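Geometric and topological summary
What follows is the residue order along each chain.
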Amino acid sequence: MSTPTVAVTFACYNQVGYTRQCVDSLVRTGFDLKRLVVIDNGSTDGTRDYLAGLPLGALVLNRQNLGCGVAWNQGALALQADWTVVMNNDVVVTPGWLDGLLEAAGREDLKVVSPALIEGALDYDLEAFVAGTGARMRSAVRHGARHAVCMAIHRCVWDQVGYFRATPRLWGYEDTLFFHELALAGIRTGVVGSSWLHHFGSITLTALKRERGLSQKQGLSARDSYKLLGQSFLGRKLAKVRRRKQEAAWREQELARFGATLHGERVDGEFRWR
């Protein structure tokens, strides 16, 4: 069986320091930057000069801020592969992160797979954490879970549900719509303990919204979101209750088995498990 091809893409808007940390971590783990596509949404802070000096697979320079949906599609199409990893630029990857994603996807028959996360300040030894706690949790899987901080998407998904909704007013909602389509199509997803990364916290999305004069809470109205998802108000509320119940069950099971979970936060110098 031939080795699957892989491409990684992320969008950025200013925040060159976070982009540099992300790329440096990719290089440290041995990732070939010729398989990386970066979409710049009109940065003015030196990001473009930095990116121009990298041996990237592709660099797309948008004249203006086009948002996440457009950028993610540009990245996925610029370097087409068996697996496309769409991720944020405010992350730090760890040794074995990509192999871990693909290994778990094959083992669990997942077509969209996301890594375990630690979010917040990077005030701990990430690689030591992954070598210890992360290694013990290698077999852990949250079937049906996924997140847009980082997701490896198999090429069959594009054929089944298409790409991301590229509508400007959907700021920060593109992933919700995409995940809804995955669920409707019965596409298997999961968050896995065989791959870990650190996420500083939606830095680029915040910057993109700020540039457009939007607050973190602005975007679609509740009524508009219900219409797009084809859900009633009650249906949406019931789905939220079920999701929280499932998340609580995952947390309880993982804490009992590992003393940690697949989603952690750093708060006041300590881990809090979600």
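The structure contained in this document is the topic of the report that follows.

About the cut-offs
- Residues numbered from 1 in each chain as written.
- Predicted model: local features only at pLDDT ≥ 70, side-chain atom pairs only at ≥ 80, totals over all residues.
- Heavy atoms only, no water.
- Helix = DSSP H or I, 4+ residues; strand = E, 2+ residues; numbered from the N terminus.
- Buried < 20%, exposed > 50% of the residue type's maximum accessible area, 1.4 Å probe, protein only.
- Disulfide = S-S within 2.5 Å.
- Salt bridge = Lys/Arg side-chain N within 4 Å of Asp/Glu carboxyl O.

Okay, unusual backbone geometry next. The backbone phi angle of Asn14 is positive, close to 55°, even though this residue is not glycine. Structurally, the position occupied by Asn14 is in the loop between β1 (6–12) and α1 (16–28). Note on Asn14: relative accessible area 13%, which makes it buried. Here Asp109, not a glycine, exhibits a phi torsion of approximately 55°, which is positive. With respect to the element layout, Asp109 can be found in the loop between α4 (97–108) and β6 (112–120).

With the rule as written, the count across this model stands at zero disulfides. Cys22 supplies the cysteine sulfur nearest to Cys12, a cysteine that is in no disulfide, at a spacing of 9.6 Å. You can call Cys12 buried: its relative accessible area is 0%.

Moving on, we come to the pattern of salt bridges. Summed over the entire model, instances satisfying the criterion amount to eight salt bridges. For Asp82, the salt bridge is made with Arg155, and the minimal N-O distance between the two is 2.9 Å. Of this pair, Asp82 sits in the loop between α3 (67–78) and β4 (83–87) while Arg155 sits in helix α6 (residues 155–161), and the two are 73 residues apart along the sequence. Linked by salt bridges that have partners in common, Glu103, Arg107 and Glu108 make up one network.

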